[in-house]
Amino acid sequence: MRVAVFSAKRYDREFLTEANRAFGHELIFHEVMLEPHTVTLAEGFPAVSVFVNDLVDREVLTGLSAGGTRFIATRSTGFNHIDLAAARDLGLRVARVESYSPYAVAEFAVGLILALNRKIHRAYNRTREGNFELDGLLGFDLRGRRVGVIGTGKIGRVFASIMQGFGCEIVGFDPFPNPAFEALGGHYLTSAELMATSDIVSLHCPLTDATRHIVDAEALAQARPGLLLINTSRGGLVDTLAAIEALKAGRIGGLGIDVYEQEASLFFRDHSSDVIGDDVIQRLVSFPNVIVTGHQAFFTREAIDTICATTLANVRAFEAGEPLLNEVRLS
Ligand code: NAD
């Protein structure tokens, strides 16, 4: 099938081209994002492939539909960037990569905790300047600390089991409790109890209307002083301005984010020669106890291999009229 691949970076081309040997689709790569003024690039393509910051709203979907597109394969687990109601109305079908490597994201979340707690990012800069001073680098033992997991799905459970290996006490909040989380030794609390009693909170739930700003000013006010907050899920889960206020007031001890509410206009591109107009991200990166990464938690060889193979298999299943196992639609 002919597939227009948007937001295609060098690594997308490489891994998709390699995976496509087993499928034989015709892949046309576009480095640009899918958005209203690039939608014509998909004209005549029955399938398009998108990534997390492509704008797949009603306007774009209407343009895709007018150009003959019938299938959207997102190279991600999350699908909050796609207007599923509009896709249904227009008869477009959507599939995602339901699961690739929960280890990639969970391990990265742990990496952010270790770096923030032990100030590894600061030590790295210091020693390059010949500064071997320890003042300001004091951390705490993870052993015995309480770690709150919001969203105890695939990634949340892998994260919980790694943190348990450090000797942490694991608590969770999820409207759909999972016995597998309890089997790991975790126990469920309300979100307020979790926020009030955890030393570390890591977000692993999807972004939905119910979870937008799940960590807001009120939640941060309840948090245990010195909280390390980790978000490798979606930027919209955290009210960034409230987090900045909590950091300024010294109420939270550290913030590690791989995702950011306004990331679409910044992430996955080199802005090192630009004047960045986003004062919020600039304020965030100015804190010594904040680490911002550019949505790289998924970025391992194993994860990309699976993302590419699953995306191309989704296209083949659609083309062949087979059941679309990874379809997403409004329930
Ligand atoms: P999953 O579906 O296995 O688990 C999500 C869990 O969140 C489920 O247990 C669900 O019940 C729970 N949940 C739903 N609503 C909730 C709420 N209101 N409060 C608390 N929990 C709630 O998904 P997963 O594979 O574990 O992925 C989790 C998220 O990680 C994805 O939605 C995606 O946004 C994010 N993600 C980020 C990256 C990255 O590179 N940074 C990569 C992959 C996934």
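Residues numbered from 1 in each chain as written. Predicted model: local features only at pLDDT ≥ 70, side-chain atom pairs only at ≥ 80, totals over all residues. Heavy atoms only, no water.

1. Quick word on the packing of helix α1 (residues 10–19) against helix α12 (residues 301–320)
Note the threshold: Here an angle of 0 to 180 degrees is reported between the N-to-C directions of two axes, which are lines fitted to C-alpha atoms, with helices fitted over the stretch in contact. The helix count covers DSSP runs of H or I at least four residues long, the strand count covers runs of E at least two residues long, and both are numbered beginning at the N terminus. For classification purposes, an angle smaller than 35 degrees is called roughly parallel, one larger than 145 roughly antiparallel, one from 65 to 115 roughly perpendicular, and anything else oblique. With the far helix as reference, a near helix turned anticlockwise by less than a right angle produces a left-handed crossing, and one turned clockwise produces a right-handed crossing. Note on definitions: a residue-residue contact is assigned when non-hydrogen atoms from the two residues lie within 4.5 Å.
Their axes nearest at 9 Å, the elements α1 and α12 cross at an angle of 55 degrees. Taken together, the axes of α1 and α12 are oblique relative to one another. Crossing angle aside, the handedness with which α1 passes α12 is right-handed. Side by side, α1 and α12 meet where F15, L16 and A19 of the first sit next to R301, I304, D305, C308, A309 and L312 of the second.

2. Some points on the UniProt feature "domain: D-isomer specific 2-hydroxyacid dehydrogenase NAD-binding" (unreviewed entry) in the protein
The test is simple: UniProt positions are given in the numbering used here, feature names are shortened, and annotations may be inferred rather than shown by experiment.
As recorded in UniProt, the sites labelled "domain: D-isomer specific 2-hydroxyacid dehydrogenase NAD-binding" (unreviewed entry) are residues 110–297. Each end of residues 110–297 is marked by a C-alpha atom, and these two atoms are 10 Å apart; helix forms 35% of the span and strand 16%.

3. Some words on the domain arrangement of the protein
Interfaces are often described in size by the accessible area the parts lose on coming together. Going by this rule: Domain start and stop points were drawn from an automatic or database domain assignment. Buried area is calculated as the accessible area (1.4 Å probe) missing from two parts once they are joined, with the contributions of both summed. Note on definitions: salt bridges are taken to be side-chain nitrogens of Lys or Arg within 4 Å of carboxyl oxygens of Asp or Glu. Distance and chemistry together define a polar contact, namely a pair of N or O atoms within 3.5 Å, with one atom able to donate a hydrogen and the other to accept it when in protein, and with adjacent residues in sequence counting only for side-chain atoms on both sides. For this scheme, ten residues count as nonpolar: Ala, Val, Leu, Ile, Met, Phe, Trp, Tyr, Cys and Pro. Four count as charged, namely Asp, Glu, Lys and Arg, and the remainder, Gly too, count as polar.
For the protein, the domain assignment lists domain 1 (2–100 + 300–320) and domain 2 (102–292). Opposite the 13 residues of domain 1 that make contact, domain 2 presents ten residues. Here domain 1 meets domain 2 over a buried area of about 990 Å², counting both sides, of which 54% is carbon and sulfur. Taken together, the connections running from domain 1 to domain 2 amount to one salt bridge. Residue E98 is joined to K154 by a salt bridge in which the shortest nitrogen-to-oxygen separation is 3.4 Å. Linking domain 1 to domain 2 there are four residue pairs in polar contact (both at pLDDT 80 or more). Its residues placed into classes, the side of domain 1 that touches domain 2 shows six nonpolar, five polar and two charged.

4. So, the UniProt feature "domain: D-isomer specific 2-hydroxyacid dehydrogenase catalytic" (unreviewed entry) in the protein
The sites that carry the UniProt feature "domain: D-isomer specific 2-hydroxyacid dehydrogenase catalytic" (unreviewed entry) are, in the present numbering, residues 3–328. Between the first and last C-alpha atoms of residues 3–328 the distance is 19 Å; the span itself is 37% helix and 15% strand.

5. Describing the packing of aromatic side chains
Just so we agree on the cut-off: Stacked, tilted and edge-to-face are the three classes assigned to paired rings of Phe, Tyr and Trp, where Trp is represented by its six-membered ring and a pair needs centres within 6.5 Å; plane angles under 30 degrees give stacked, over 60 edge-to-face, the rest tilted. A positively charged side chain is recorded as over a ring if its NZ (Lys) or CZ (Arg) lies within 6 Å of the ring centre. The angle to the ring normal must also be within 35 degrees.
Going through the model one piece at a time under the given rule, you end up with seven aromatic pairs. When the ring centre of F45 is taken as origin, the NZ or CZ atom of R2, which lies over that ring, is 4.1 Å away. Positioned above the aromatic ring of F287, the side-chain terminus of R283 is 4.2 Å from the ring centre.

6. Overview of the site of the ligand
Threshold: We call a residue near a molecule or strand as soon as one heavy atom of that residue lies within 4 Å of the molecule or strand. With residues, only the protein chains shown are counted as cover, and all accessible areas are computed by Shrake-Rupley using a 1.4 Å probe.
Lining the immediate surroundings of the ligand are 25 residues, of which Y100, K154, I155, D174 and T232 lie closest. One of the backbone nitrogen or oxygen atoms of G153 is found 3.3 Å away from an oxygen atom of the ligand. The separation between a nitrogen atom of the ligand and a polar main-chain atom of T232 is 2.8 Å. Its free accessible area being 870 Å², the ligand has 86% of it covered by the protein chains.

7. A closer look at the packing of helix α4 (residues 102–118) against helix α6 (residues 154–165)
The contact between α4 and α6 brings their axes to 8 Å, and the two run at 50 degrees. In terms of axis orientation, α4 runs oblique to α6. Regarding α4 and α6, the two cross each other, and that crossing is right-handed. Only K154, I155, V158, F159, I162 and M163 of α6 make contact with α4, whose side of the interface consists of P102, Y103, V105, A106, E107, A109, V110 and I113.

8. Examining the sheet that holds strand β2 (residues 26–29)
Short version of the rule: Any two strands between which DSSP finds at least two bridges are classified as paired.
Within the open sheet, the five strands sit side by side as β2-β1-β3-β4-β5. Their pairing is parallel. Of all strands in the sheet, those bounded by a partner on one side alone are β2 and β5 (93–95). Taken pair by pair, the neighbouring strands of this sheet meet at an average axis angle of 20 degrees, ignoring direction. Judged from the four bridges that link them, strand β1 (residues 2–5) and β2 form a sheet pairing that is parallel. Counterpart to A4 in the pairing with β2 is I28. The strands touched by α12 within the sheet are β1, β2, β3 (47–50), β4 (71–74) and β5, with β4 carrying the most contacts at an inclination of about 160 degrees.

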